Structure formats: structure tokens, C-alpha cells
Amino acid sequence: MAGLLLALMVNDITAQQRSFNPADLRNVNVSEMSEAEVREADREIRDRGLSLEEFESLAVQQGASRTQVNQLVQRIRSIRAFQDEDDPEFRRDQQRRQSETRMIENLTDMTFMDFEADSLTPDSLRIFGMDLFEQVSVNFEPSFNVPTPRDYSLGAGDQLVIDVWGAAEQTYRLVVSAEGNIRIPNLGPIHVNGMQIDEAEERIINRLTDIYSGINPNNPDQGNTYAQVSLGNVRSIKVTVIGNVKQPGTYTVSSLSTAFNALYASGGPTRRGSFRSVQVIRDNEVYAELDLYDFLVHGTQESNVRLRDQDVIKVDPYQNRVHVWGELKRVGFFELLDGETLDDLITFAAGFTENAYTRSLRLDGTTPSMRRVNTIFYPEGGDTELRSGDKLRVGKIIDRYENRIDLVGAVFRPGVYEYEPGITLYDLIEKADGLKEDAFMGRGVIERIRENREPEALGFNLQQVMDDPARYDIELRPDDVVRISSIFDLQEEQTVRIRGSVNNPRTLQFRENMTIEDVIFRAGGFRDEAAAYRVEVARRVTGGEERVMGDRIAENFRFEVDEHLGFRDEDADFRLQPFDQIYVRAKPNYQEQQTVRIEGEVQFPGEYVLSTRNMTISELVEMAGGFSDYAYPRGASLERILEISAVEQLDFLGAQAAEIEQQRQQVDTLTTPVGIRLAEAMERPSSQYDLILEEGDVLTVPKQLQTVRVEGEVLAPTSIRYDSRRSFRDYVDAAGGTTEEARGRRAYIVYANGEVDRTKRFLFFRRTPDVEPGATIVVPRKPDRREMTAQERVALASSIASTALILVNILDRI
């Protein structure tokens, strides 16, 4: 379909003209074309040497639907913009780039073995200008939206549009024939081949006077009919690109195309091709010579001539090429003409970077017998002529200051200062607006680099320098670093800490004359449970001048503080010292309300507050009004919140690590059942069955239970109606009996109240637990047994055989 569409839309510009029937476009719908067909259309456009703009203009001019053409162009552009590795053209381009990379690597190995490898980059190994022909966004397509150039010569295949208006109205669209003529009805042929557009217009208008009497070509104002000739569809021409180009051959291009269009179509010069000498040969003579650097460096296209049919573009091998890398804005291989100098090369490279060392440049070249190195002083040596094979490396400036002094520490304006001959330490401090109040006056340090680059440190007494600079001042040198410490830099950070029953326990920075009241105030004051009459201060024992270790590690003080943060008179002068720790104790009998919950079959279920520290479950039932008529006390259960220490103990119960971590994160809501006997507790309050409640306990009293649940390794886990006549084994049998994987001797029962019992053996007797309503019987699974591998069996047999052989030898000797 793609080939059909192009054949219908565009004349076959690679051969003779074809007739075009716009009605055939009714059979083509671009939206129904597959991606493969659009790619095929794109390849045909490329093969014909047309740009998308040329294709669009030609198709519309020949009567194609503008909507269909626009859709096709948009789809082609999308494919070109998002080419992937599956696209053959993309793979070919990748292969070409990889081939060039290998060539660069080989060139590097052969040419730069004695140069600094770390100074070469991929960009510095590219040929300047080659990128221009590798970019899809740059293709030098001719513009069809400009007036026809006056120097454009007409030829076979061009379309002329003749507009007649005034007393008569007519439009002619005529194509120049192979003989160079156009034919206007009732006039006969008019020869226009080789004429420029203005010459052809004059001849055609003169002939139109034979059929339009109102046209006056010599004095148009006196006529009543007017005519104008313009160029419509342009013809295609064939040009040949030869020499050192990537794809030499004959190309069909628009007659408006220039030499740059043909070069781009051929892929541009190869690595050995010249960018400075591109010849356009016309009628067996050199018509023009292009220097691509005019466009690459200056952006001008003065030498970019328009092509004619049968023109030949010839790209010669380069004559002189030099290599530039280092601190230049453009790096790579540059081509020079005979007589061009270092200044020209630097112009092509767009000049030096800001870090370039330009005082002297290193130029490496060759002689007929060996290599050579030249040192060029720039800009004095800018007129040095360069030869092919020269290599210019521009280094960086030294990463070192020649006049820097650094001032660090307790001054008002620390930082970097300019070194001046004769500047002293006192002068530098004055430039920094003097010392801060906390400056340590006993000592400062100057860090200096000797002439052999070895570091040294010069100490000084800052107090002496400031009091008597004439005697103690020190002359500074470049790269000196002056360090003046603060008194706070030379001591451990001093803090005090408050803990206990305050609103915001915290650690504070120590301040001289700080009191306990100040710290309590900063901590937000006392909490409600605080025992203000018992505030303790623990002080660090420093040891003083003692050199023998003692047994005392802290000194403790105790104070009474009133609600207004006031002390008794004898304690009012107490001042805190660094690293003191303050503890505000809680009142002994202070207790926040602790709640428990009772649910189920009681008169008043809900949440209750513990009245005493040893309140029991029987008392909770009495507070809830006692049992309802449907209560089943023997099935009552108690849920208790686990503490963190209890959660950690689950590790010893075989729980998985991930589950333990999850339980730690949910410790606020994690509960565990506690086995109770509520009926016995109600009959005998304060007995061993009457448990003491804890905060968060939930006591549940169920209704009368009538089923027994059987789970685990039974054939049909189910709930079975309770029957007092049935035994433990009867319930297991009622669930279908045990499976082959069941561990029947380890079966156990969980009662409704949370208690657990299991089957027990004594001598030859086995006792099964009693079954009660609401209980759950669990038959566990046998542990998985891993079969021994063949290697393990061989190893075991070998060990047994070896052991038996040793025993035989021992017995034989005995």
C-alpha cells in the first residue's frame, strides 16, 4: 500500500514522467496503513532523495488530499523520532557508529601511545564537522515557501503556472516537455528550456497577446488583461557524488537542491575525506569549490551553489589534518589548508576555555625521520604554520593560588584574603575586623607550606601579638592558613539533663549561674504526678587533683520545690554545674485510672476502672451486676495485653522472626489468652482461681456453649454437637478419624476458658482429657522428614563399614 500511495502521489523522478490520476487516491486511507507500510513509504521517500517538505508539496500540487498527505507525514516523523533497535536503519546507523569507534580506538593506539591517556576524551577523537552529517535534525532541505530564485533555469519536468486575470480569467498549469517546450491551447509550443524564470515570463506573455488582446506587455497600465508566470512543481535532477564520501553514487534530488543537499544524501565525507575542498563539476569543468568550514565555523553558505542536472560533486582526500585536545572549546581533528596558522586553528576550535594555560603551548609533530616537540609561546607564536600530523595539547592552569591567605576561626570576618608583600599576622586580623570576644588568646597556629612543599606549623601567643605587635608579630607568606580557636572549641560541650515527671524531659546547654528552677521552667514545668518535694541532682565526680582512683562516682543532692518553683532559704543559692542530671520523682501513691472491660452475659457489660491494685475477676463480675440467666461461667475467657518483654519471649516458643517483628510493631494491641476458671473464682473469691486484673484486661462471659470443634489432621474438620457421653476419641472419630500424617498421641484440647490439656501416658495406660462444651480438639501434624540423598546414604554406609572394620581388627588382635 505504501508503494502504491507514493506511486500515486509523486511522479517517478528517477525515470521518465508518469501520468497521474487523482481519482486513484480514493482507494488509499493513511489511517489504515500498518507501521510496516509507513516505514516502506519512508524508505521510498529517502530513496528518491526527497525531504518530507518536498514530498508534501509535490503530492498536494498534483491533487492529493492534503489531509491524507499530512497524516502520512506525521506518522513518518513519529517513526523517525522514536526509532528503536528493531528498526533496520537504526541498526545500520549503530553499526556504522561502532565501526567508527573501533577506528578511533585503533587510531588512538597507533598515534597517541606517548601522550597522556587521561587527557583524551571521546569528543577529542572525532573529526570536526562529521557530526553535521549524522544528525537527523540537520539535512539542508531546500525551502519551497520562498519566491522562485531569479537565477533558476527552467528544464524538462518543471511546472509553470500562468495566471490570467482582468477582462479574461484563466489559469494554466503546464509542464515543460522533454524538448523544452510548453504548449498553450490555441498558441502552439513555446520553448523555455534553459531560460531563467523572468526570461520565460517575458516570452510567454508576449505570446499570450495572440489570444488575449487586452494584454499590453510593453505598457501594462494601458491594457485590461494581465498575466503572471510562476514556478509550480519543480523537476527532479540527477547528480553524482564521488570521492571520499560514505555513500558515493547518483542521487535524484529536487532542482532547487544545493551541494549541501547532495552531500547530506551521500552521508558526508568519510574520515579520510576533505571538508575544505569539495568541488562541483559542471560540463566537465570545476564550477565551484566549497569550504565546509565557512558554514561550520562562521555559519555562512556563500559557496553552497545550486545544482543542475548531471552535476558532479567530488570530495578529495584531506591534505593537512591536525589534532587538538585539552582546554579548547572544540576538540578533535581539524583540517587546515596550506599556509594556515596556529591562529586559524584556534579560531576553528572556538578559542580557549577559561582554565586553559596559554602562556606556552605544546605542539607535537613529525620529521621525515622521527617525532618532534615544539613549545610555542602564545600569542607571539600565533603565526606559526602547522603541518599535517601536528598535535596540539592545551593544558590547564595550575590549581594553586599565587596570592592567597586563609584566616579561620574566632574573627569577625573569616575567609580568604589577598596576600600582599609585607603583610603580617596583626594586619590580617585587623582586616578581618578584629577578634571575637570568645577567641582563645593563649595560642594560635599558622599552617605553612615550605618551598619544598612540606607542611609546617608555626605556633604563636595571640595575646602577645595583639598587645605588642612590634615585638611578636609574624610576617605571612602566600598559602598560609591562620587558625584562631574559640574557647568553646577547646572544651567539651557542657550540658545539663532533666528527667522524670516534667512535661518535656530534655538535655539543655549549660549556662553559668543556671539553677534548678531555670531547668524545670525550660522543661515545661511539673507534671501532675510530680513529687515536687523530692527533686534530686546527681553531679559528676571529677576527682580534682587526686591521682588515685576512688570508689565514689557521683554526688547526690535533694531539694524541695514549691508550685511556684521556689526553694527553701537554705537551698536558694544552689547553682548547677556542667553535666548535672536532675530527676523529678513521681508521688508514691499517684496512680492514673486503669480500665478493664467485661463483655458477654453479665447484667452491665462495658468498661470499668480498677478500684484497687489487687482487684480480682470476681469483683469485676459483681461490679457488672453478676451473670445473666444465659451465662456459661465455665467457658469464660480472659484476654491480656502482652508487654514488650513477653513479646520477645515468643522467640523461644518457635515463632518466626518476621512474625516477632510484626508483633513488636503491634505491641499496643497484641493480646494473649489467660486460662481462668471463673466458676471456681465466683464460688471461692480471693482463692488461687480469682486472678488479679491488670489494665487492658478483657473478660468475656459466653452464652451456654453446645458444640465441640475438631481441627488439624482429621479427615473432616468440623464442629460437633456436645454430648457428655462422648469421649475425646469419640469426637476425633466423629470428624472422620485421623489422617496418615496425624500425630495422634500429641493431640490436645483447648477449653473455652483458654486452658489447654493433652493426652497423657503412664506405663501402659493412656489418659485422654475430658471434653467440655466450647472446647477445640487439635490433632497436630507429624514433622516433615527429609529423605536422605544418594550421597548421604553412601557416606553413611561407608562410615558404618569403616567402623565395623576397625572393630573386627580390634577383636582379632585381642
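From a predicted model like this one, the values you see are computed outputs, not experimental measurements.

## Focus: the overall build of the protein chain
When helices and strands are counted, the protein chain shows 19 helices and 37 strands. Approximately 48,500 Å² of the protein chain is accessible, and the part contributed by carbon and sulfur atoms is 46%.

## Remarks on the environment of Ser724
Secondary-structure assignment places Ser724 in the loop between strand E32 (718-721) and helix H18 (728-734). The sequence separation of Ser724 and Pro773 amounts to 49 residues, and the corresponding C-alpha distance is 8.8 Å.

## Some details on the environment of Gly389
Looking at the secondary structure, you find Gly389 in the loop between strand E14 (371-377) and strand E15 (391-394). Judged by relative accessible area, which is 28%, Gly389 ranks as partly exposed. Through-space distance from the C-alpha of Gly389 to that of Thr366 is 7.0 Å; in sequence the pair is 23 residues apart. The contacts of Gly389, once residues within four sequence positions are left out, are Arg321, Asp364 and Gly365.

## Concerning the pairing of strand E21 (residues 495-500)
For E21 and strand E22 (residues 506-509), the ladder comprises four bridges, and the chain directions are antiparallel. Opposite Val496, over in E22, you have Leu508 as the bridge partner. Relative to strand E25 (residues 581-586), E21 runs parallel, the two being bridged by four bridges. Looking at E25, one finds that Arg499 is bridged to Tyr583.

## Focus on the pairing of strand E18 (residues 444-449)
Successive side chains on a regular strand alternate, one facing one side of the sheet and the next facing the other. Across the two faces of E18 the burial differs, with Gly444, Ile446 and Arg448 buried and Val445, Glu447 and Ile449 not buried at all. Across six bridges, E18 lies against strand E19 (residues 455-460) in antiparallel orientation. Bridged to Arg448 within E19 is Glu456. Hairpin connection of E18 to E19: five residues between the antiparallel strands, including Arg453 at a positive phi of 70°. Sheet topology note: the E18/strand E20 (residues 481-484) ladder contains three bridges and is antiparallel. Bridge pairing links Val445 to Arg483 in E20.

## Looking at the confidence of the model for the protein chain
Considering every residue of the protein chain, the mean pLDDT works out to 81; 83% of them sit at 70 or more. The secondary-structure element of the protein chain with the lowest mean pLDDT is helix H1 (residues 2-9), recorded at 43, while E20 shows the highest, at 95. Between residues 1-26, whose pLDDT stays under 50, and residues either more than four places distant or in other chains, the model counts 57 contacts. Residue range residues 103-118 is modelled with pLDDT below 50. Its contacts to residues more than four positions away, or to other chains, number 26 contacts.

## As for the sheet that holds strand E8 (residues 273-282)
Judged by pairing direction, the sheet is mixed, and its five strands sit side by side in the order E7-E6-E10-E8-E9 without closing on themselves. The sheet terminates laterally at strand E7 (249-254) and strand E9 (285-290), the two strands that pair on one side only. The mean angle between the axes of side-by-side strands here comes to 30°, regardless of whether they run parallel or antiparallel. Pairing analysis gives four bridges linking strand E6 (residues 236-243) to strand E10 (residues 312-317), with the strands arranged parallel. Residue Thr240 lies in a different strand from E10, and its bridge partner there is Val312.

## Comments concerning the sheet that holds strand E24 (residues 554-559)
As summarised here, the arrangement of the five strands in space is E22-E21-E25-E23-E24, forming an open sheet in which the pairing is mixed. Where the open sheet ends on each side, the last strands, each with one partner, are E22 and E24. Across the sheet, the mean angle separating the axes of adjacent strands is 20° when strand polarity is ignored.

## What to know about a negative patch on the surface
A contiguous patch of negative charge on the surface is contributed by Asp338, Asp343, Asp383 and Glu385. For Asp343, a relative accessible area of 31% gives the class partly exposed.

## As for the pattern of salt bridges
Summed over the entire model, instances satisfying the criterion amount to 29 salt bridges. A salt bridge links Arg372 to Asp390; the nearest nitrogen and oxygen atoms lie 2.9 Å apart. Taken as a pair, Arg372 in strand E14 and Asp390 in the loop between E14 and E15 lie far apart in primary sequence, 18 residues in all. Exposure class is identical for Arg372 and Asp390. Each is buried. Between Glu536 and Arg585 there is a salt bridge whose closest N-O contact spans 2.8 Å. Pair noted here: Glu536 is in strand E23 (residues 530-540) and Arg585 is in strand E25, with a separation of 49 residues, a long-range link. Ionic contacts of the salt-bridge type, sharing partners, join the residues Arg276, Asp291 and Glu340 into one network.

## Examining a nonpolar patch on the surface
Taken together, the side chains of Ile806, Leu807, Ile810, Leu811 and Ile814 make up a nonpolar region of the molecular surface, amounting to roughly 570 Å² of accessible area. Looking at where Ile814 falls in the secondary structure, it is placed in the segment after helix H19 (790-813).

## Let's talk about the packing of aromatic side chains
Both the distance between ring centres and the angle between the ring planes are used here to describe each pair of aromatic rings. If you walk through the whole model with that rule in mind, you get nine aromatic pairs. Considering the side-chain rings of Phe128 and Tyr293, the 5.2 Å spacing of their centres and the 80° angle between planes classify their relative orientation as edge-to-face. Within this pair, whereas Phe128 is found in the loop between helix H5 (88-111) and strand E1 (159-166), its partner Tyr293 is found in helix H8 (residues 293-298), the two being separated by 165 residues in sequence. Residue Tyr293 is classed as buried on the basis of its relative accessible area, which comes to 2%. The interplanar angle of 75° and the centroid separation of 5.4 Å between the aromatic rings of Phe352 and Tyr378 together place this pair among those described as edge-to-face. Residue Phe352 is located in the loop between helix H9 (342-348) and strand E13 (360-366), and its partner Tyr378 is located in the loop between E14 and E15; the two are separated by 26 residues in the primary sequence. Of the two residues, Phe352 and Tyr378, neither departs from the other in class, the shared state being buried.

## Some points on a positive patch on the surface
Taken together, Arg743, Arg746, Arg758, Lys760, Lys782 and Arg785 make up a surface patch of like positive charges. Of note, Lys760 is situated in strand E35 (residues 760-762).

## Concerning the environment of Ile237
With respect to the secondary-structure elements, Ile237 resides in strand E6. When its relative accessible area of 1% is taken as the criterion, Ile237 is described as buried. When the C-alpha positions of Ile237 and Arg308 are compared, they lie 6.7 Å apart, and in sequence the two are 71 residues distant. With residues near it in sequence (within four places) discarded, Ile237 still touches Tyr251, Thr252, Val253, Ser254, Ser255, Leu307, Arg308 and Asp309.

Rules behind the numbers
Residues numbered from 1 in each chain as written. Predicted model: local features only at pLDDT ≥ 70, side-chain atom pairs only at ≥ 80, totals over all residues. Heavy atoms only, no water. Helix = DSSP H or I, 4+ residues; strand = E, 2+ residues; numbered from the N terminus. Areas by Shrake-Rupley, 256 points an atom, 1.4 Å probe, with all protein chains shown as cover. Buried < 20%, exposed > 50% of the residue type's maximum accessible area, 1.4 Å probe, protein only. Contact = heavy atoms within 4.5 Å. Pairing = 2+ DSSP bridges. pLDDT = per-residue confidence, 0-100. Axes fitted to C-alpha atoms, helices over the stretch in contact; angles between N-to-C directions. Patch = residues over 30% accessible without salt bridge, like charges linked within 9 Å, V, L, I, M, F, W, Y side chains within 5 Å. Salt bridge = Lys/Arg side-chain N within 4 Å of Asp/Glu carboxyl O. Lys, Arg positive; Asp, Glu negative; His and termini not counted. Charge placed at Lys NZ, Arg CZ, Asp CG, Glu CD. Phe/Tyr/Trp six-rings, centres within 6.5 Å; stacked < 30°, edge-to-face > 60°.

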